[in-house]
Amino acid sequence: MSRPRPLRYHSTRSLGPTVPISQAIAAGLAPDGGLYVPEALPTIDPTAFDPHGTLADTAATLLAPFFAGDALADQLPAICAEAFTFDAPLRALPAHPHSMMLELFHGPTSAFKDFGARFLAACLRRLPHADARSLTILVATSGDTGAAVAAAFHREPNVRVVILYPDGLVSPRQAHQLGCFGDNVSALRVAGRFDDCQRMVKAALNDTALQAQLPLSSANSISLGRLLPQMSYHAHAALGWWRAHGTPLNFIVPTGNLGNALACLWARELGLPIGEVRLACNANATLPDYFAGADYAPREAIATLANAMDVGAPSNFERLRWTFPDETRLRQLLQARSVDDATIRRTITDHAQGHREVFCPHTATAMHLLDRLRADGDDAPWAVVATAHPAKFESVVEPLVGHPVKVPPALAAMLARGTSAEPLAASDAALRDRLL
Ligand SMILES: *Cc1c(COP(=O)(O)O)cnc(C)c1O
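About the criteria used
Residues numbered from 1 in each chain as written. Predicted model: local features only at pLDDT ≥ 70, side-chain atom pairs only at ≥ 80, totals over all residues. Heavy atoms only, no water. Helix = DSSP H or I, 4+ residues; strand = E, 2+ residues; numbered from the N terminus. Buried < 20%, exposed > 50% of the residue type's maximum accessible area, 1.4 Å probe, protein only. Contact = heavy atoms within 4.5 Å. Near = heavy atom within 4 Å. Polar contact = N/O pair within 3.5 Å; in protein donor to acceptor, adjacent residues only side chain to side chain. Areas by Shrake-Rupley, 256 points an atom, 1.4 Å probe, with all protein chains shown as cover. Nonpolar A, V, L, I, M, F, W, Y, C, P; charged D, E, K, R; others polar. Pairing = 2+ DSSP bridges. Axes fitted to C-alpha atoms, helices over the stretch in contact; angles between N-to-C directions. Salt bridge = Lys/Arg side-chain N within 4 Å of Asp/Glu carboxyl O. Core = buried A, V, L, I, M, F, W, Y, C linked by side-chain atoms within 4.5 Å. UniProt positions renumbered as here; feature names shortened; annotations may be inferred.

### Quick notes on the environment of Leu333
Examined against the element boundaries, Leu333 turns out to sit in helix H14 (residues 327-333). The partly exposed category is assigned to Leu333, whose relative accessible area is 25%. Distance in space between the C-alpha atoms of Leu333 and Asn250 is 13 Å, their sequence separation being 83 residues. Not counting residues within four places of it along the chain, the set of residues in contact with Leu333 comprises Arg268 and Phe324.

### Side note on the site of the ligand
The environment of the ligand is made up of 15 residues, and the closest members are Lys113, Asp144, Gly256, Asn257 and Thr387. The contact in question runs from an oxygen atom of the ligand to an N or O atom on the backbone of Asn257, over 2.8 Å. Here the ligand, which alone exposes 380 Å², has 97% of that area covered by the protein. Looking at the shell around the ligand, its residues break down into 6 nonpolar, 7 polar and 2 charged.

### Remarks on the sheet that holds strand S11 (residues 335-338)
In any sheet, the strands associate via hydrogen bonds between backbone groups, in a parallel or an antiparallel arrangement. Reading across the sheet, the 6 strands line up as S3-S4-S12-S9-S10-S11 and stay open at both edges, with mixed pairing between neighbours. Both outer strands of the open sheet, strand S3 (90-92) and S11, are each paired with one neighbouring strand and no more. On average, each strand axis in the sheet is tilted by 25° relative to the strand beside it, whichever way the strands run. Running at roughly 170° to strand S10 (residues 274-281), helix H11 (residues 259-270) makes contact with strand S9 (249-254), S10 and strand S12 (382-386) of the sheet. Contacts between helix H16 (residues 361-375) and the sheet are confined to strand S4 (99-103), S9, S10, S11 and S12, with S12 contributing the most and set at about 165° to the helix.

### Let's talk about the pattern of salt bridges
Taken as a whole, this structure holds 18 salt bridges when the rule is applied. We note a salt bridge from Asp428 to Arg199, for which the minimum N-O separation is 3.2 Å. With Asp428 in helix H19 (residues 428-435) and Arg199 in helix H7 (residues 194-205), the pair connects residues that are 229 residues apart, well separated along the chain. Exposure remark for Asp428: the relative accessible area of 33% places this residue in the partly exposed category. Arg374 is the partner of Asp378 in a salt bridge, and the nearest nitrogen-oxygen pair spans 3.5 Å. A relative accessible area of 24% places Asp378 in the partly exposed class. Arg374 gets classed as buried once you look at its relative accessible area, which sits at 17%. Residues joined by salt bridges that share partners form a network here, namely Glu82, Arg125, Arg126 and Glu156.

### What about the nonpolar core?
Phe66, Phe67, Met231, Phe251 and Leu320 are the most contacted members of the largest nonpolar core, which totals 99 residues. With near-sequence residues (within four places) excluded, Phe67 lies in contact with Ile21, Ile25, Leu72, Ala73, Leu76, Phe119 and Cys123.

### Quick look at the UniProt feature "domain: Threonine synthase N-terminal" (unreviewed entry) in the protein
Following the UniProt record, the feature "domain: Threonine synthase N-terminal" (unreviewed entry) maps to residues 8-84 here. Secondary structure across residues 8-84 divides into 36% helix and 8% strand, with the first and last C-alpha atoms of the span separated by 25 Å.

### Structural notes on the sheet that holds strand S5 (residues 135-140)
One open sheet holds the 5 strands; their spatial order is S8-S5-S6-S7-S13, and the pairing between them is parallel. At either margin of the open sheet sits one strand with a lone partner, and together these are strand S8 (216-218) and strand S13 (422-425). Strand-to-strand, the axes of this sheet are offset by a mean angle of 30°, without reference to chain direction. Strand direction decides the pairing type here: strand S7 (residues 185-191) and S13, joined by 4 bridges, are parallel. Directly across from Leu188, in S13, lies its bridge partner Glu422.

Here it is, written out as structure tokens:
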């Protein structure tokens, strides 16, 4: 048998140098500030997947060409089994025979970020540390990423996790979760917004003097180690639907930094039976404006009820443009819609009354787009991607639905622990001082 050709990776900003995937995963960001992408997206035949396989099996088959020839290739099935220990069920919704919800909130921190964070941790655990000293993983979070990364690396030897989150702009339960780990995890509540946190992390990563004293890495959604595994559940759900019905499945993805939706689009490019992909955004309208024909104009984020999507400068946009270099075609291929807070509230209330279904505010943005499609007479199969459990946002959801939301056991265990976070000014120097 011939060995598959190794797939190499380069920055979105240059064609070289190229690196193997384990190096791209270890580094996070490319040295020129761009995002790592493969030389070309591989293709895969949908019949290559085991029809009785688990989500972890689908992930291992799907990701194999991405790891071809790499040091981690042989361990990929073990990495997937270690990361994907919980399901991503595609559940039928009562509202319409072809309406479904892809539930991505059954992991340890009740949001989809668990898939990527656990996969990244399973990879890093197997890579030799270039440096014997402990590695500090910096993570800027708008609410859910920080807890997922902390849970994935909690008590990992020789790893320290430092979380930066915008003080007062995450839900009370998200804040509790971020500060409940202790041990090798520190939570810093930054007097600023998510974009400040992201800028401070980037500045620290690019600070060579700081890096010389303290080896740093990042676990933000720009890391391929988080992006690639997110293709798996879109693929698994679409394959299941396609085997049963012979048609592709369409997706509506709540979108902030564009990581989850891009993973869905990449899975479609590989050849998975995925039909249309629609982006549901909150009032942060950078992407909806672009897809409506305006120039791409990143801006400051504004605070909304769907706080994990409060992003004004979606970092994976650079990868989207790399994937679809022809702008006219890209605009024909994708639609993005902005959903304001009042509509989020109304969607949550309406579904709780009509169908006794409870959604988190992020999922509600996508649900609203589906409601509009159905109102226009669309009968196609659509999966709304449910990105977080509503119990994480009880302060928004419970007053709207008029009853308590049942808390999943993993979240309940975290809420029972103590919690603490240190205040930090929103300046690059403040973070530098805190790290040293
Ligand atoms: C992170 C997050 C999103 C946005 O996902 P992106 O990959 O950043 O587009 C949506 N919903 C929830 C609950 C999230 O945590």
